[in-house]
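So you can see what is in the structure, the chains are spelled out below.
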Amino acid sequence: MLAETDPLEIARPLARRRWQLLCQNEPDRRKRRQKLIAFLQRRGFSSGIAYTLLRELE
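All figures in this text were calculated on a predicted structure; none of them were measured in a lab. (Residues numbered from 1 in each chain as written. Predicted model: local features only at pLDDT ≥ 70, side-chain atom pairs only at ≥ 80, totals over all residues. Heavy atoms only, no water.)

Undergrad: Before we go on, may I ask you to explain the environment of Glu 58 in this structure?
TA: Looking at the element boundaries, Glu 58 is found in the segment after helix 3 (47-57). By relative accessible area, Glu 58 is classed as partly exposed at 42%. Along the primary structure Glu 58 and Arg 33 are separated by 25 residues, whereas in three dimensions their C-alpha atoms are 9.1 Å apart. Each residue touching Glu 58, except ones within four places of it in the same chain, is listed here: Trp 19, Arg 29 and Arg 33. There is a polar contact of 3.2 Å between the side chain of Glu 58 and the side chain of Arg 29. (Helix = DSSP H or I, 4+ residues; strand = E, 2+ residues; numbered from the N terminus. Buried < 20%, exposed > 50% of the residue type's maximum accessible area, 1.4 Å probe, protein only. Contact = heavy atoms within 4.5 Å. Polar contact = N/O pair within 3.5 Å; in protein donor to acceptor, adjacent residues only side chain to side chain.)

Undergrad: When you look at the side chain of Glu 26 in this model, what are you seeing that I'm missing?
TA: Looking at the element boundaries, Glu 26 is found in the loop between helix 1 (7-25) and helix 2 (29-42). Among the polar contacts made by the side chain of Glu 26, one reaches the main-chain amide nitrogen of Asp 28 at a distance of 3.2 Å. Those residues in contact with Glu 26 that sit more than four places away from it in its chain are Lys 31, Arg 32 and Lys 35.

Read these as spatial facts, not as claims about activity.
Okay, structure coming up:
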(Lines give C-alpha, C1' and ligand atoms only; values in the text may rest on other atoms or scores of the structure.)
Protein backbone atom coordinates (compact mmCIF):
# COMPACT_ATOMS: atom_id res chain seq x y z
CA MET A 1 0.00 0.00 0.00
CA LEU A 2 1.37 3.38 -0.99
CA ALA A 3 1.32 6.23 1.49
CA GLU A 4 -0.49 9.40 0.47
CA THR A 5 2.02 12.05 -0.49
CA ASP A 6 1.18 15.68 0.22
CA PRO A 7 1.34 17.61 -3.07
CA LEU A 8 2.55 20.68 -1.18
CA GLU A 9 5.62 18.76 -0.02
CA ILE A 10 6.36 17.73 -3.61
CA ALA A 11 5.77 21.19 -5.09
CA ARG A 12 7.58 23.21 -2.40
CA PRO A 13 11.19 22.49 -3.49
CA LEU A 14 10.27 22.97 -7.17
CA ALA A 15 8.65 26.31 -6.38
CA ARG A 16 11.62 27.47 -4.28
CA ARG A 17 14.12 26.72 -7.02
CA ARG A 18 11.99 28.40 -9.70
CA TRP A 19 11.31 31.41 -7.47
CA GLN A 20 15.05 31.96 -6.92
CA LEU A 21 15.64 31.93 -10.68
CA LEU A 22 12.72 34.26 -11.30
CA CYS A 23 13.92 36.71 -8.65
CA GLN A 24 17.29 36.90 -10.42
CA ASN A 25 15.92 37.18 -13.96
CA GLU A 26 12.49 38.86 -13.78
CA PRO A 27 12.40 42.37 -12.27
CA ASP A 28 8.60 42.76 -12.61
CA ARG A 29 6.96 41.35 -9.47
CA ARG A 30 3.62 40.69 -11.20
CA LYS A 31 5.23 38.77 -14.06
CA ARG A 32 7.35 36.82 -11.57
CA ARG A 33 4.20 35.74 -9.73
CA GLN A 34 2.40 34.79 -12.96
CA LYS A 35 5.37 32.76 -14.17
CA LEU A 36 5.59 30.79 -10.92
CA ILE A 37 1.86 29.97 -10.98
CA ALA A 38 2.06 28.90 -14.64
CA PHE A 39 5.17 26.80 -13.94
CA LEU A 40 3.47 24.86 -11.15
CA GLN A 41 0.23 24.41 -13.09
CA ARG A 42 2.12 23.03 -16.11
CA ARG A 43 3.51 20.40 -13.77
CA GLY A 44 0.03 19.36 -12.70
CA PHE A 45 -0.38 21.20 -9.40
CA SER A 46 -3.68 22.90 -8.67
CA SER A 47 -4.00 26.67 -8.56
CA GLY A 48 -4.72 26.38 -4.82
CA ILE A 49 -1.36 24.74 -4.21
CA ALA A 50 0.37 27.23 -6.49
CA TYR A 51 -1.10 30.24 -4.67
CA THR A 52 -0.33 28.72 -1.25
CA LEU A 53 3.31 28.35 -2.21
CA LEU A 54 3.40 31.83 -3.71
CA ARG A 55 2.22 33.27 -0.39
CA GLU A 56 4.93 31.28 1.42
CA LEU A 57 7.66 32.54 -0.90
CA GLU A 58 6.77 36.24 -0.98
